[in-house]
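Spelled out, the chains give:
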Amino acid sequence: MGSSSAISLCSLPKISLRSNFPKRRLEIQLLGDRTHGGLFRRKCLRFRSLVVKANASSRAQGGARRKVYRETQSESSLSVAPVKQVASFVIPAGVFLVVTFVLWKVVEKLLVPKPKKSSTVEDKTPAQGLTWSFGAGTNLFSGLVAKIDRESKQKLNEFSKELRSFRTVDMSGCNFGDEGLIFLVERLAYNQTLEEVSFAANGITATGLKAFDGILQSNVLLKTLDLSGNPIGDEGAKCLSDILVNNAGIEKLQLNSTNIGDEGAKAIAEMLKKNATLRILELNNNMIDYSGFTSLAGALLENKTIRDLQLNGNYGGALGANAFAKVLEENKSLRELHLNGNMIGDEGVRALMSGLCSHKGKLVRLEIANNSFSAKGAFHVAEYVKKTKSLLLLNISMNDIGDEGAEKIGDALKQNRTIQSLDLAGNNIHVKGIAAIAQALKDNSVIRTLEVGYNPFGPEGAKVLAEVIKFHGNINILKLGWCQIGAKGAEFIADMLKYNSTLTELDLRGNGLKDEGAVSIARSLKVVNEALATLDLGFNEIRDDGAFAIAQALKANEDVRITSLNLSRNLMTKFGQSALTDARDHVFEMTEKEVYIYF
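All values derive from a computational prediction rather than experimental measurement.

Cut-offs applied
- The residue numbers shown here count from 1 along each chain, following its written sequence.
- Only residues with pLDDT of at least 70 are given local features in this predicted model, and only at 80 or more are side-chain atom pairs given and counted; all residues enter the totals for whole chains, interfaces and linings.
- Water and hydrogen atoms play no part in the side-chain values, which are based on all heavy atoms of the structure.
- For helices the rule is a DSSP run of H or I covering at least 4 residues; for strands it is a run of E covering at least 2, with both sets numbered from the N terminus onward.
- When accessible area is computed with a 1.4 Å probe and restricted to protein chains, residues below 20% of their type maximum are described as buried, those above 50% as exposed, and intermediate ones as partly exposed.
- By definition in these notes, contact holds between two residues if any of their heavy atoms fall within 4.5 Å.
- A score between 0 and 100, pLDDT records how confident the predictor is in each residue.
- By nonpolar core is meant a set of buried Ala, Val, Leu, Ile, Met, Phe, Trp, Tyr and Cys residues that side-chain atoms within 4.5 Å join together.
- Centres within 6.5 Å are what make two rings of Phe, Tyr or Trp a pair, Trp counting through its six-membered ring; a difference in plane orientation under 30 degrees is then read as stacked, over 60 as edge-to-face, and the rest as tilted.
- Whenever Lys or Arg places a side-chain nitrogen within 4 Å of a carboxyl oxygen from Asp or Glu, that contact is recorded as a salt bridge.
- Surface patches are defined over residues having more than 30% relative accessible area and no salt bridge, joining like charges when they lie within 9 Å and nonpolar side chains (Val, Leu, Ile, Met, Phe, Trp, Tyr) when within 5 Å.
- Where accessible areas are quoted, they stem from the Shrake-Rupley method and a 1.4 Å probe; at the residue level, only the protein chains shown are allowed to cover.
- Every angle, taken between N-to-C directions, lies between 0 and 180 degrees, and every axis is a line fitted to C-alpha atoms, over only the stretch in contact when it is a helix.
- Angles below 35 degrees are treated as roughly parallel, those above 145 as roughly antiparallel, those between 65 and 115 as roughly perpendicular, and all remaining angles as oblique.
- Polar here means any residue other than Ala, Val, Leu, Ile, Met, Phe, Trp, Tyr, Cys and Pro, which are nonpolar, and Asp, Glu, Lys and Arg, which are charged; Gly is therefore polar.
- Polar contacts, as counted here, are pairs of nitrogen or oxygen atoms within 3.5 Å of one another; within protein the pair requires one atom able to donate a hydrogen and one able to accept it, and residues that are adjacent in sequence qualify only if both atoms are side-chain atoms.
- Multiplying 1.5 Å by the helix residue count minus one yields the expected span of that helix.
- Taking the helix axis as origin, the arc is that swept by the directions to the C-beta atoms.

### Considerations on the overall build of the protein
Tallying secondary structure elements over the protein gives 18 helices and 18 strands in all. Counting every position in the protein, which comprises 599 residues, the buried fraction comes to 44%. Taking the contacts inside the protein whose residues are at least 6 apart along the sequence as the reference set, 83% of them involve residues at least 24 apart.

### Considerations on the confidence of the model for the protein
On average, residues of the protein carry a pLDDT of 83, and 77% of them reach 70 or more. Residue range residues 1–60 is modelled with pLDDT below 50. Its contacts to residues more than four positions away, or to other chains, number 65 contacts. Note that pLDDT drops below 50 for residues 116–140; the model gives that stretch 29 contacts with residues more than four away or on any other chain.

### Some thoughts on the environment of Lys-155
Topologically, Lys-155 is positioned in helix H3 (residues 142–165). Judged by relative accessible area, Lys-155 falls into the partly exposed class, the value being 36%. Along the primary structure Lys-155 and Gly-180 are separated by 25 residues, whereas in three dimensions their C-alpha atoms are 9.9 Å apart.

### What to know about the nonpolar core
Formed by 138 residues in total, the largest nonpolar core has its most connected members in Phe-176, Phe-199, Phe-212, Ile-268, Leu-366, Leu-478 and Ile-493. With sequence-adjacent residues up to four places away left out, Ile-493 is seen in contact with Ala-462, Ala-466, Leu-480, Ile-485, Leu-506, Leu-508 and Ile-521.

### Things to note about the packing of aromatic side chains
Per the stated rule, a full pass over the model turns up six aromatic pairs. A ring pair is formed by Phe-199 and Phe-212, whose centres lie 6.5 Å apart and whose planes are at 40 degrees; its orientation type is tilted. With Phe-199 in the loop between strand E4 (196–198) and helix H5 (206–209) and Phe-212 in the loop between H5 and strand E5 (224–226), this pair connects stretches of sequence that are 13 residues apart. Residue classification places Phe-212 among the buried residues on the basis of a relative accessible area of 0%.

### Overview of the pattern of salt bridges
One pass over the structure, following the stated rule, counts 14 salt bridges. When the shortest N-O distance is used, the salt bridge between Glu-467 and Lys-470 registers 3.9 Å. Of the two residues, Glu-467 and Lys-470 are both situated in helix H14 (residues 458–471); the distance of three residues between them amounts to about one turn of the helix. Owing to a relative accessible area of 41%, Glu-467 belongs among the partly exposed residues under this scheme. On the basis of relative accessible area, Lys-470 is assigned to the buried category, the value being 10%. The structure contains a network of salt bridges with shared partners spanning Glu-467, Lys-470 and Asp-495.

### Focus: a nonpolar patch on the surface
Taken together, Val-98, Phe-101, Val-102, Trp-104 and Val-106 make up a surface patch of nonpolar side chains, about 490 Å² in accessible area. In this fold, Phe-101 is placed in helix H1 (residues 59–111).

### Structural notes on the environment of His-472
Tracing the chain through its elements places His-472 in the loop between H14 and strand E14 (477–479). Spatially, the C-alpha atoms of His-472 and Asp-443 are 8.4 Å apart, while their sequence positions differ by 29 residues.

### Focus: the packing of helix H6 (residues 233–244) against helix H7 (residues 262–274)
At their nearest, the axes of H6 and H7 sit 8 Å apart, and the two run at 5 degrees to each other. Judged by the inter-axis angle, H6 sits roughly parallel to H7. Of the residues in H7, those in contact with Asp-234, Ala-237, Lys-238, Ser-241 and Leu-244 of H6 are Asp-262, Glu-263, Gly-264, Ala-267, Ile-268 and Met-271. The class makeup of the residues in the contact of H6 with H7 is five nonpolar, two polar and four charged.

### Overview of the side chain of Glu-367
Position of Glu-367 among the secondary structure elements: in strand E10 (residues 365–367). A polar side-chain atom of Glu-367 sits 3.2 Å from a polar atom in the side chain of Asn-395. Ignoring any residue separated from it by four or fewer positions in sequence, one finds Glu-367 in contact with Leu-337, His-338, Leu-339, Asn-340, Leu-393 and Asn-395.

### Describing helix H18 (residues 574–591)
Note that an α-helix has 3.6 residues per turn; residues three or four places apart therefore point the same way. Given a rise of 1.5 Å per residue, 18 residues ought to cover 26 Å, and the 26 Å separating the end C-alpha atoms of H18 matches this to within 8%. Here H18 has its buried residues at Gly-576, Ala-579, Leu-580, Ala-583 and Val-587. Take H18 and look down its axis: the buried residues cluster within an arc of 95 degrees, on one side only. Residues of H18 that are exposed and angled more than 90 degrees away from the buried face: Lys-574, Phe-575 and Glu-589. Structurally, H18 contributes buried residues whose contacts are with helix H17 (544–556) and strand E18 (596–598). Phi turns positive, to about 60 degrees, at Glu-592, one or two residues after H18.

Laid out in structure tokens, this is it:
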């Protein structure tokens, strides 16, 4: 035969399968079957590419090869089906992942701003100088910083102009902090105009107070300095005290709610021993304990100028009151003593009153409200009331003296001829106790202001008090708020108003008067009353009918003296309010007198 072949039907052909992976070859021996005309079987092995290399020697052999090739291709087509199934799942999943990644990158670029690139070194460094903020909070957007700086500095410049132009300047609550104070304090040096200034509630700390050093020593015109509501603490109190030792101008110093404790009080006490100009010192609502009270009381033995000392809302207790009791026997300069809310109790009151009875000065105001003392403490207060020849105002409200304590105070008032203002509010006084106070008014024409609110003496107590005030006493201001007098009690008060000629201010808030009580009060307003100017009927459940009655009374009495009428926190609708507004306008048209009505 003239032709040659590398593969014959009777031979064992070698088929080479090459995969996509490099350096790997797989050779499979396929066995032919001579007895079945060259048809051979194939094991279940599937590949993506099959290369068959052979040389045909004859047509018969070529036909056999074509047959084998066709069978091989048909089996290869069957092997592709599972691959298509896998591809139908993998391809969409891949597309989803790619799309998600692209979208995430787009959103990231849109939402996250790129950092600003600085072209110079100066842009990268923080701005130098002071920054002031007048708003609440300090976390401002960077784009607003420049604007805030300009506005803050402009505001500070306006404040500095006020300091140079006015005698009294109020800069409370401006939140300019230590930096702002440092800027403003420089304007106080050698200032020849300013006499009173308030830097209250500005976030000033001990650091800012150091700016006063060298300034207050040279300023002798400034008389009042208010630093209340700033967290200066003990450190700030020490710093300010060191500065004020040599100050010769300030007469009133306000350090209320400044977080001052015993150490700060001790520093202030040392300053008081040397300072000869300070007249009024306010240390209300701080954290001063009996130790601080002892220091301040001791300073009064050497200080001869303090007239008004305020220590309300601290923690002096009975020991603190006892410290002042010993000092008051020797001190002659003190005129006002404020010790409200110090939990001094019966024992503290006893010691304090003992010291006041031996006081060689002329105390004109004593405030010991909210100190948890009972009738026992009231007994000692009554003894002092009998002896004092100078006291003008006594405040023992918000204690628990009861009827027994009220009777003791009432008996003492019959002998006293100096007290003009008496506050007995919130002392659990009933009819018996208020009757004792009322009887004292028959013999006492000195008392001008009587506060007995928040005592549950009811309509009967109102009747007893009204009967006395109708023709006796010289009361100008009567406060009966929240005494449960009701509509019945309002009738007794209304009857008293028809005859009384001294009462200028009447407080009947929170007594449940309703429309019936308002109508009774309205009847009394129709009668000429030449004294009553202020009437407070708030929190009384008054509706439109009561408002109509009061409006008619205002229109009917052209000579009415009322200039202020409070009807807030009632149940009137717009119709009742409209009637009162018309009455107000009518009074103005007829008499040219303005009546202020509050809804």
